[in-house]
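Listed below, chain by chain, are the residues.
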Amino acid sequence: MRHAKNTVRYYLILTALLIFLFFSNDFGLIDIQKTAIVLAAGIDRDGATFIVTTQIAVPKDSEQGGSVQAVQIESRGATVAEAFNQINAKTGWYPKLVFCDLLVLGKTATERNVFEALDYFLRDEYMSDGCLVAACDGSAKDILNAQTPIEGISSLAAQKVLSEHAVQSGMVAVNSLRTFAIGYYGAGKSGYLPIIKTESPEETPSKSGDSGASGGSSSGGENSGSSGGGSGGSEGSTDSGNKKESVYSASETALFYDGVMTGRLNAEETFALCVAKEKLKLASYSLEHAGCDYALQIKTNEPKIKFSVDKNARAHLKINVELTAGIQDISSPQAAAELLTGGNIPKEIFGRAKEKLSGEIQSVFEKSRNCKCDVFGILERLQKFEAGYYSAFKEDILERLDYKIEVSFESLR
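The numbers attached to residues start from 1 for each chain and follow its sequence in the written order. At least 70 in pLDDT is required for a residue's local features to be given in this predicted model, at least 80 for side-chain atom pairs to be given and counted, and no such filter applies to totals for whole chains, interfaces and linings, which use all residues. No hydrogens and no water enter the side-chain calculation; it runs on all heavy atoms of the structure.

1. Description of the environment of Lys 281
- Following the sequence through the fold, Lys 281 ends up in the loop between helix H9 (267-277) and strand S11 (283-289).
- Spatially, the C-alpha atom of Lys 281 lies 8.1 Å from that of Asn 301, the residues being 20 residues apart in sequence.
- By definition in these notes, contact holds between two residues if any of their heavy atoms fall within 4.5 Å. Ignoring sequence-local partners within four residues, the contact set of Lys 281 consists of Gln 168, Ser 169, Ile 298 and Lys 299. Starting at the N terminus, helices and strands are each numbered in turn, a helix being any DSSP run of H or I of at least four residues and a strand any DSSP run of E of at least two.

2. A short note on the sheet that holds strand S13 (residues 315-330)
- Whether two strands pair comes down to DSSP finding at least two bridges between them. Within the open sheet, the four strands sit side by side as S11-S12-S13-S14. Their pairing is mixed. Only two strands of the sheet have a single neighbouring strand rather than two, namely S11 and strand S14 (402-411). Taken pair by pair, the neighbouring strands of this sheet meet at an average axis angle of 35°, ignoring direction.
- Relative to S13, strand S12 (residues 292-309) runs antiparallel, the two sharing 15 bridges. Paired with Leu 296 across the bridge in S13 is Ile 327. Working convention: axes come from line fits to C-alpha atoms, limited for helices to the stretch in contact. Angles between N-to-C directions cover 0 to 180 degrees.

3. As for the environment of Val 375
- Residue position: Val 375 is located in the loop between helix H11 (347-370) and helix H12 (378-385).
- Burial classes follow relative accessibility: with a 1.4 Å probe on protein chains only, a residue under 20% of its type's maximum area counts as buried, one over 50% as exposed, and anything between as partly exposed. Residue Val 375 is classed as buried on the basis of its relative accessible area, which comes to 5%.
- Residues Val 375 and Leu 273, 102 residues apart in the sequence, show an inter-C-alpha distance of 8.5 Å.
- Dropping the residues within four chain positions of it, Val 375 is found in contact with Tyr 192, Leu 255, Leu 273, Lys 277, Val 364 and Ser 368.

4. Points about the packing of aromatic side chains
- Ring pairs shown here join Phe, Tyr and Trp side chains whose ring centres sit within 6.5 Å, with only the six-membered ring taken for Trp; geometry is labelled stacked below 30 degrees between planes, edge-to-face above 60, and tilted in between. Under the counting rule described, the total for this entry stands at 13 aromatic pairs.
- Members of the aromatic cluster, joined through ring pairs, are Phe 115, Phe 180, Tyr 184, Tyr 185 and Phe 256.
- The ring centre of Phe 50 lies 4.1 Å from the NZ or CZ of Arg 45, which sits over that ring.
- In this scheme, the term charge over a ring applies when either NZ of a lysine or CZ of an arginine sits within 6 Å of the ring centre and within 35 degrees of the ring normal. The ring of Tyr 126 carries the charged tip of Lys 96 above its face, separated from the ring centre by 4.0 Å.

5. A short note on the pairing of strand S7 (residues 190-199)
- When you tally the buried positions in S7, you get 10 out of 10 residues, the bulk of the element.
- For S7 and strand S9 (residues 247-257), the ladder comprises nine bridges, and the chain directions are antiparallel. Counterpart to Tyr 192 in the pairing with S9 is Leu 255.

6. Side note on the pairing of strand S5 (residues 102-105)
- Along S5, one buried face is formed by Leu 102 and Val 104 and the opposite face, lined by Leu 103 and Leu 105, is buried too.
- When strand S1 (residues 35-46) meets S5, the two strands line up parallel, connected through four bridges. Looking at S5, one finds that Ala 41 is bridged to Leu 103.

So, in structure tokens, the structure goes:
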């Protein structure tokens, strides 16, 4: 009995000691006042020099409202690690990437192998490999320096454009650091990223035409004009000065081969890529027929990609997409009964939608083949399912491939 009482005392003392340590010791963690909480990072290049723009959260004093603002700090180095070390040298803050959820690659970075920069983030043990990655036409610094009415912190506004809803609606071909790295280090050495850009809130988005290969126009972001190592606030309209507010869009997609941007898809082709690879939910698809504009609401889609090599050593790819859709809107007036019941969908509408979407998927394949970007994972399928042909086909499989695209639409009723 006495032994049992002593055991209880020992456990009580140990519990009290642990509680004391928990509430009185930081266990070697860096003081929050000495830590730079990095929310996003932009990578640009000047020759061999990396230009890193970091967006850092700065808590306000409770007397000022207790909210959080963000500042941009620019640093340079021969490596990304050296540039990040400059943050600590210039500010006294130690940069922590555990909350970094967005990486933006500027045009000068995408013209060279982007993994010369991204490998730093892959090695960092605190960095989440689920971090969103995006490209831009101009400077990544300008993207992060943009002021937006959507959020007080620009990186949070950009993440809304790259949200899960954007993926399910097919508007943006979102990609993470993990998935992009898997594609780069895989057999096809290929991948894609959304192209994020800024535009005026009053602008009416126009449909993108076919774009050339790599490169492109300026992103339209406002140049902050800050010098190396400088910083700038990004609290939206509270410190706007002469700087105009912008909103983000990411409807176009950059294609990469061996880490270098080699082509791009316009907004329609981006949707076609998404519908052929991802499961969409409540996506909208627009088309014109007989002088009227129609908007179809896609309830479900079933994408299937099949690769095979026949007995004559010919490689075949079949892309099959089955969609269930209904009328979402029509530019011409309808009778009340049709509005209530949804009306009968003319077969010609689904026929036109099938023809249009098939052509857009074909355009995606041809563009990706021309820039050597294996967006449909052909080499991976060759390696996995037809390994005997891998050595012979791996160099020119995209050129020798015969492909077939089948699209079908079914009514909701």
